[in-house]
Amino acid sequence: MDRRTLGKIARLLQEAAQAEQASLVEEVVRYRRARVTEHHLRPRTVYEYSAALDDFTSAVGDIGAHELTAEHVSAWLDSVPRGSRTRVFSALSACIRWLDRHGCPGIAQVLPSRRPKARQYTRYLDDVDLAESWRAIELAERSGWVRGWMADALRVALLVPLRRGELASLRWSEIDFVGRRLLLIEAKTGDRIVPLGPIALSILARQQRGADYVWTGRAGGHVHGTSLHHAWAKVRKRAGLAPIRFHALRHSWASKATRDGEALDHTRRVMGHSTEWMTLKYAHMHADEVRGVVERIERAIVSSPVQCELPLGGA
């Protein structure tokens, strides 16, 4: 065994000995300094990972890293809202597996064998729902339930398939009024171009300019995404419409595009998906539409010039 290998083994043994005495909080901090940085992850991912790990260490308490058990992890995951479990589990899993390789051998055994399943949301807006939502926004603005600029933000959400964070943090510098498009910088899947229709463009053009962001929050920065969600929920509730998530607006845009026969690659580019497989998940059809497909194929088969005569009796 060469000197380099011996040195590596000695270093691992030393890290393992230190881990026996180190607290879980100290080990998580060590991981965050090494991996949870903007050099390795996007700023929003850094924020989400840090928040998840802070919540985990607070829930588990002041224990040694070697005292962490599967029960600790399961209890914490059970306390997390179901819709967030997959995301926070990714943050915790990355931390635990890194520690397993860097000074805490065997700690990865506390992770569950299966990743928590994300909640599946299949609700989306059909053509009637979209029209009702547009009228509900107009009613909310006339009735004073939401401010004019918030109503416009919701209108843009209906017309342009932006993620909630992309809409909330939209900058004036990202709007190309001449080219009728958005030039989104460092979006979820990288820089992307989103074409704008004339109605969405006119809505953006009438907003008051005085800050870097189109939708300005109270602290001078951009409006928080949660505010958009709450406003959307209020609009639908006051109008007597069924509740539906804000993200369903983006979902519904893609669903309508695929139902209306738009090219899948075109829809993928507008949505900012990395693959067409992602876009296919939005290709919903109503039961009546599916039945119509079956009926059309049935008529085509029956009306074909070559038909087989089936025997009336048994074989």
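Right above here is the structure, for reference.
Residues numbered from 1 in each chain as written. Predicted model: local features only at pLDDT ≥ 70, side-chain atom pairs only at ≥ 80, totals over all residues. Heavy atoms only, no water.

Caption draft 1: Structural context of the packing of aromatic side chains. Per the stated rule, a full pass over the model turns up three aromatic pairs. A cation sits over an aromatic face here: Arg 155 above Trp 134, 6.0 Å from the ring centre. Just above the ring of Trp 172 sits the side chain of Arg 209; from NZ or CZ to the centre is 4.4 Å. (Phe/Tyr/Trp six-rings, centres within 6.5 Å; stacked < 30°, edge-to-face > 60°. Lys NZ or Arg CZ within 6 Å of the ring centre and 35° of its normal.)

Caption draft 2: Up close: the pattern of salt bridges. By the definition in use, this model includes seven salt bridges. Residues Glu 27 and Arg 30 are paired through a salt bridge, measuring 2.6 Å at the closest nitrogen-oxygen approach. Here the residue Glu 27 and the residue Arg 30 both occupy positions in helix H2 (residues 24-34), the gap between them amounting to three residues, near one helical turn. Relative accessible area serves as the criterion here: at 30%, Arg 30 is assigned to the partly exposed category. Measuring nitrogen to oxygen at the nearest pair gives 2.6 Å for the salt bridge that ties Arg 206 to Asp 152. Of this pair, Arg 206 sits in the loop between helix H9 (198-205) and helix H10 (225-238) while Asp 152 sits in helix H7 (residues 148-159), and the two are 54 residues apart along the sequence. The class for Asp 152 is buried, based on a relative accessible area of 6%. Through salt bridges that share partners, Glu 141, Asp 152, Arg 155 and Arg 206 make up one connected network. (Salt bridge = Lys/Arg side-chain N within 4 Å of Asp/Glu carboxyl O. Helix = DSSP H or I, 4+ residues; strand = E, 2+ residues; numbered from the N terminus. Buried < 20%, exposed > 50% of the residue type's maximum accessible area, 1.4 Å probe, protein only.)

Caption draft 3: Inspection of the nonpolar core at higher detail. Counting residues in each nonpolar core, the largest one holds 41 residues, and the members touching the most others are Val 160, Leu 167, Leu 170, Leu 182, Leu 204, Trp 215 and Phe 246. For this core, the secondary structure elements donating two or more residues are helix H6 (127-143), H7, helix H8 (164-168), strand E2 (181-187), H9, H10 and helix H11 (248-259). The element contributing the most residues to this core is H7, with seven residues. In contact with Leu 167, other than residues within four places in its own chain, are Ala 153, Val 156, Ala 157, Leu 162, Trp 215, Leu 228 and Phe 246. Core analysis: the second largest hydrophobic core is formed by 30 residues, Ala 52, Ile 63, Ala 65 and Ile 107 among them. (Core = buried A, V, L, I, M, F, W, Y, C linked by side-chain atoms within 4.5 Å. Contact = heavy atoms within 4.5 Å.)

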